Amino acid sequence: MSSETKCKCRRCGGHIIFSVENFKSGTVIACPHCGEKTALELPFHLEYAMHLRIAIGVVLLIVAAIAIQSHFKTLDAALDKTADSAAQSFGGHGK
Ligand SMILES: [Zn+2]
């Protein structure tokens, strides 16, 4: 699926249609209207959506990292408790 969007030429203000999939920030093309070179820009909502996607990805990574870390902490705590009670049952009755 290819979604197209358009931006305005910085020189003449003419609409330039381009594919969102092929968009790279800072891409400079020759304007089809005036022939001058102009940088492609994503419309605000698309740029926002792209940043939002990256932000959500980062947040998910952080949440996953925290979840994994706390999972291991609880696992460690559980193992410690098991080790403690094992030590108690072994050492506690000997006295
Ligand atoms: Zn132009």
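Residues numbered from 1 in each chain as written. Predicted model: local features only at pLDDT ≥ 70, side-chain atom pairs only at ≥ 80, totals over all residues.

Our next topic: the overall build of the protein. Each helix and strand in the protein was counted, giving one helix and four strands. Starting at the N terminus, the α and β elements of the protein follow one another as β-β-β-β-α. A compact globule built from 95 residues would reach a C-alpha radius of gyration of about 12 Å, whereas the protein, at 29 Å, exceeds it by more than 25%. Relative to its full complement of 95 residues, the protein shows a buried share of 2%. Counting contacts in the protein only where the partners sit at least 6 residues apart, residues at least 24 apart contribute 27% of the total. (Helix = DSSP H or I, 4+ residues; strand = E, 2+ residues; numbered from the N terminus. Rg over C-alpha atoms; globule rule 2.2 N^0.38 Å. Buried ≥ 20, exposed ≤ 12 C-beta atoms within 10 Å, placed from the backbone. Contact = placed C-beta atoms within 7 Å.)

So, on to the domain arrangement of the protein. When cut into domains, the protein gives domain 1 (1-42) and domain 2 (43-95). One C-alpha centre belongs to domain 1, the other to domain 2; they are set 45 Å apart. Here the residues of the side of domain 1 that touches domain 2 are counted per class, giving three nonpolar, one polar and no charged. (Domains from an automatic or database assignment. Nonpolar A, V, L, I, M, F, W, Y, C, P; charged D, E, K, R; others polar.)

Take the pairing of strand S2 (residues 15-19) next. Of all five residues that make up S2, zero are buried, and the element is exposed over most of its length. The turn linking strand S1 (residues 4-8) back onto S2 is made up of six residues, and glycine 13 within it adopts a positive phi angle of 80 degrees. (Pairing = 2+ DSSP bridges.)

One ladder, built from five bridges, connects S1 with S2; its direction is antiparallel. Within S2, the position partnered with cysteine 7 by the bridge is isoleucine 16.

Moving on: the confidence of the model for the protein. The predicted model of the protein averages 88 in pLDDT, with 94% of residues at 70 or higher. Mean pLDDT across the secondary structure elements of the protein bottoms out at helix H1 (residues 44-91), with 89, and peaks at strand S4 (residues 37-39), with 95. (pLDDT = per-residue confidence, 0-100.)

Let's shift gears to the environment of glutamate 21. Structurally, glutamate 21 is set in the loop between S2 and strand S3 (28-30). Once the C-alpha coordinates of glutamate 21 and glutamate 4 are considered, the two residues, 17 residues apart in sequence, prove to be 8.1 Å apart.

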